[in-house]
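# Observations on the three-dimensional arrangement
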Amino acid sequence: MSLRHRNSGEPAMSDAEDIPMAKLQQRRWRSVFATIYSARTFVSLYKKVINKKQILRSLSYIAVDVHDGDSSGDRLLSSLCVDQKTLTEVVREKSLETLSNLGGVKQIAASLETDEKDGISANEADLAHRIDVFGANRYPKPPNKSFFSFVFEAFKDTTIIILLVCAVLSLGFGIKQHGIADGWYDGGSIIIAVFLVVAVSAVSNFKQNRQFEKLSNESSDIKVEVVRDGHRQFISVFEVVVGDIVCLKIGDQIPADGLFLDGHSLKVDESSMTGESDHVEINGSNNPFVLSGTKVTNGFGFMLVTSVGMNTAWGEMMSSINRELDEETPLQARLNKLTSAIGKIGLAVAVLVLAVLLIRYFTGNTKDDKGNKEYIRGKTKLDSVMNSVVEIFSAAITIVVVAIPEGLPLAVTLTLAYSMKQMMADHAMVRKLSACETMGSATTICTDKTGTLTLNEMKVTESWLGKELMDSVSSEIAPIVHELLQQAVALNTTGTVYMPNSQSLPEISGSPTEKAILSWAVSDFGMNLDEMKQNYELIRVEAFNSEKKRSGVLIRRKSDGATQVHWKGAAEMILAMCSQYYDRSGTVKAINDEERIELGKIIENMAAKSLRCIAFAHINIPEDDESVLEESGLTLLGLVGLKDPCRPGVRIAVEACINAGVNIKMITGDNVFTAKAIAIECGILQPDEDLNEAVIEGVQFRNYSPEERIARINKIRVMARSSPFDKLLMVQCLKQNGHVVAVTGDGTNDAPALKEADIGLSMGIQGTEVAKESSDIVILDDNFTSVVTVLRWGRCVFNNIQKFIQFQLTVNIAALVINFIAATSSGDVPLTAVQLLWVNLIMDTFGALALATERPTNDLMTMPPVGRSKPLISNIMWRNLIAQALYQVAVLLTLQFRGKSIFGVDEKVKNTLIFNTFVFCQVFNEFNARKLEKKNIFQGLHKNRLFLGIIGITIVLQVVMVEFLKRFADTQRLNWGQWGTCIGIAALSWPLGWLVKFVPA
């Protein structure tokens, strides 16, 4: 298999005399190298066949293509002696023997044209060719649901099926009785109306499904750190290619199959692949095999990618899994119960109407348009009887269609899809639909400090050597201290310093803390990271973790074999491990009680300035004692203070939460003085209040009894020096106290707290993949302001659903009461099947679109949290909808029984007036539903163009229904006066709604 890239259009040079002698010799040397390389390849293959007694899964021949062209263009790739199948199997089967036969990891890296330090070339042609040869890091997904599957689901509704059967029967009898020219109207109109309702519902559901699919794809596009052209860079997981060197750290999800190149204390969780919960150690000797989809739980390292996409076991497994997008949220479950209850009432009313109409028909109490009895026993033809019975059934079934608020689930889907899309624009990606709703009920937000309340842009602003402040770069520091500080920074770090050339600024990568310390060491001490790493050998590494809040290394100098341990971490914890310290002159001084208090005061003063305090310490150890990292009797090298400023606008966001009745609790790993300073700066604490109960350390909280924790939890607002276990404990206590808890987290160890919380909010920039997978919502910009935005949208979702429920129940009650009273009293149903289906379309789909897409307002953040058990239909909603429903029923029944005499019109015009007035009542009531409590229902109306557009479309279609579709809708054309009357009656719902809001609920 050749990984060769040719430049098209490159001129062939056949005349040797035109080539300079130096180049000619260079090409000859290349030819010799290629010949030797191919010979060694043949020998290697021969030995493999003899030893393994098997046929290689590779090509039956090897073509050595010796290119005699200029190599100044794109970097060319040499021929490979390993094919993709072999690379895949060696990792999947974890075969050390096969790996050894292939020459080991280094030989495979060389075959893949990967430099162990600089990685592969970032040249686009090179990357494209690797994808051509080895495939892309993608896997095919199961096909999405087609549009017709949504149409089919809409047709599966029982009431729709019954209505269609009635329509078909009505169509058949009508054509038989009146001929095809006039007989198709009744049945055909119902069929067309049903198809319209189904089509609109299917289109809406199809669009929302595609929206959720898009969000699902975006959530799976994680960022991976790779080494290309000698420096680290973040790329999409889909851009990883075979030959890439991937940087691994705690919390990363491994993006492809590969082999361990370098690193320390690397452990991975392979439970997603093997089912085993034990963490597996990865190293270069016993287990260099790294599987895609597994997660790093400890240490750090680099891996060589050998298989991507469908060539990995993870890819094969994921290609058969489709993420569940039609997850039922708690609110949808509650609405389904409400829909079912209303549907049962509607069904009971429909059965009563059916019984009354059948009795009246067969007892001869109904008359046709000419005033004759519709049914005379023994005289009326069977066709006529069947046609009338079908019409009665259609009317009854249509009542059920209108009564069942099918728009409620649609409204939830619409508002969730709309809010998810808008939240994405506001830097929040929803991974779990139910979180949108639950966030509206949040009573407490537990937030991290670093990166969430602060910018996470660290800079060393203060440094101390012993008890002396290093105020300038020119300060005289003893050479021994200078050398030890460089060791402490350069060798105990997971960051890197890349210098493209001597003239350019260094490119520093790593965590914000690492970058700040490396930048300080490079600029103030002239540290050369690569030189330090060449002079020393790393023997043991203890990676940083949030429990111990420190990291350590055991190093050996290559020149004389001297060994020493370096520690770096939280200043007070490192200080506790030290018994002496260096001063500026290089003198080692003992730390007695007085000195320890003075050094502690320096740390406290730095923390009070909102600085994160980091200390460095070391100890020389005997060469024969390399089993563990010494943790006592250390010598303090120095202290640095890192400033991480608060994010702009975070104080306003915190105040907004407090005004909305949501408690903010800051949980941080920093010491108590730094935590206090930042909390005061952000507005979580007030400088003049008693902080004894409001600020606590993690160990103190941990040591409380369960009863004490429950008693004090509401007063605690800052927890410093906390561990992930403390965060989990706080979430559990808050939930026991009845709070709805949202928690932010970015580390792997935050996963339990994120899962335990009602809403887990992970960080998109600093968050590990483990944290993101455990969360419900990903905050893409790591900003607390975005957390508040999520809170606003959560409240907006619930509020929009309540608006729609109020609007729809008003229609349901009015339609049911009017049809029931009219049917039982006169045997006539004023609203026909087609008309009721049109009303159903207005309130179900158009109403949902109009009311479910309202944006959040500032008013939402002045109300207390919704709470878990608050009923869907509040007293305020009952007040509003009963008033409107009673008004509509009163007006329409007046028209039903006195309409002909009041307006001097016939039966058909009267029924058209009822239908027209009923529809316009819903149009005007849609405005009332915009504000449940506010009297000004027009506030912010100009910002919602969709609402105005839907109102306009509804009015236009209603005019068309009445004026131009007389046969279809069973209506009569109205004059200007009649139109004005309908609109005037409907418009009275506005002042009625305004007056009703004065009544306390």
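Residues numbered from 1 in each chain as written. Predicted model: local features only at pLDDT ≥ 70, side-chain atom pairs only at ≥ 80, totals over all residues. Heavy atoms only, no water.

### Looking at helix H34 (residues 989–996)
Those residues of H34 lying buried are Ser989, Gly993 and Val996. Projected down its long axis, H34 shows its buried positions confined to an angular sector of 65°, all on one face. (Buried < 20%, exposed > 50% of the residue type's maximum accessible area, 1.4 Å probe, protein only. Helix = DSSP H or I, 4+ residues; strand = E, 2+ residues; numbered from the N terminus. Arc of directions from axis to C-beta.)

### Description of helix H16 (residues 512–525)
Its 14 residues place the ends of H16 19 Å apart at the C-alpha level, agreeing with the 20 Å of an ideal helix rising 1.5 Å per residue. Buried residues of H16: Pro512, Thr513, Glu514, Ala516, Ile517, Leu518, Trp520, Ala521 and Phe525, and no others. (Expected span 1.5 Å × (residues − 1).)

### A short note on unusual backbone geometry
Most peptide bonds adopt trans geometry, and most residues besides glycine take a negative phi value. One non-glycine residue, serine 265, adopts positive backbone phi at about 55°. Here serine 265 is to be found in strand S4 (residues 257–269). Residue serine 265 is classed as partly exposed on the basis of its relative accessible area of 30%. Of note, the phi angle at asparagine 456 is positive, near 60°, even though the residue is not glycine.

### What to know about the environment of aspartate 782
When you line up the elements, aspartate 782 lands in the loop between strand S26 (777–779) and helix H27 (784–826). In this structure aspartate 782 comes out as buried when scored by relative accessible area, which is 3%. Taking the C-alpha atoms as reference points, aspartate 782 and methionine 763, separated by 19 residues in sequence, lie 5.0 Å from one another. What aspartate 782 contacts, discounting residues up to four positions off in sequence, is Gly451, Thr452, Arg647, Met763, Gly764, Ile765 and Gln766. In this structure the side chain of aspartate 782 is engaged in a polar contact, spanning 2.9 Å, whose partner is the backbone nitrogen of isoleucine 765. (Contact = heavy atoms within 4.5 Å. Polar contact = N/O pair within 3.5 Å; in protein donor to acceptor, adjacent residues only side chain to side chain.)

### Quick word on the UniProt feature "transmembrane region" (unreviewed entry) in the protein chain
With numbering aligned to this structure, UniProt lists the feature "transmembrane region" (unreviewed entry) at residues 154–175, 187–206, 341–362, 392–418, 804–823, 835–853, 946–964 and 976–996. Between the first and last C-alpha atoms of residues 341–362 the distance is 32 Å; the span itself is 100% helix and 0% strand. Strand forms 0% of residues 946–964 and helix 95%; the C-alpha atoms that close the span are 26 Å apart. (UniProt positions renumbered as here; feature names shortened; annotations may be inferred.)

### A word on the packing of aromatic side chains
For the structure on display, the rule yields 17 aromatic pairs. Relative to phenylalanine 195, the ring of phenylalanine 155 has its centre 5.2 Å away and its plane inclined at 65°; by these criteria the two rings are edge-to-face. Here phenylalanine 195 lies in helix H8 (residues 185–219) and phenylalanine 155 lies in helix H6 (residues 147–155), a separation of 40 residues in the sequence. Measuring from centroid to centroid gives 6.2 Å for phenylalanine 927 and phenylalanine 938, while their planes differ by 55°, and the two rings are tilted. (Phe/Tyr/Trp six-rings, centres within 6.5 Å; stacked < 30°, edge-to-face > 60°.)

### Considering the pattern of salt bridges
Taken as a whole and judged by the stated rule, the model has 32 salt bridges. The partner of glutamate 773 in a salt bridge is lysine 295, with the nearest N and O atoms 3.4 Å apart. With glutamate 773 in helix H26 (residues 769–774) and lysine 295 in strand S7 (residues 295–307), the pair connects residues that are 478 residues apart, well separated along the chain. Here lysine 735 makes a salt bridge to glutamate 756, at a shortest N to O gap of 3.9 Å. With lysine 735 in helix H24 (residues 724–736) and glutamate 756 in helix H25 (residues 751–756), the pair connects residues that are 21 residues apart, well separated along the chain. Residue glutamate 756 is classed as partly exposed on the basis of its relative accessible area of 28%. Salt bridges sharing common partners tie together Asp448, Lys727 and Asp750. (Salt bridge = Lys/Arg side-chain N within 4 Å of Asp/Glu carboxyl O.)

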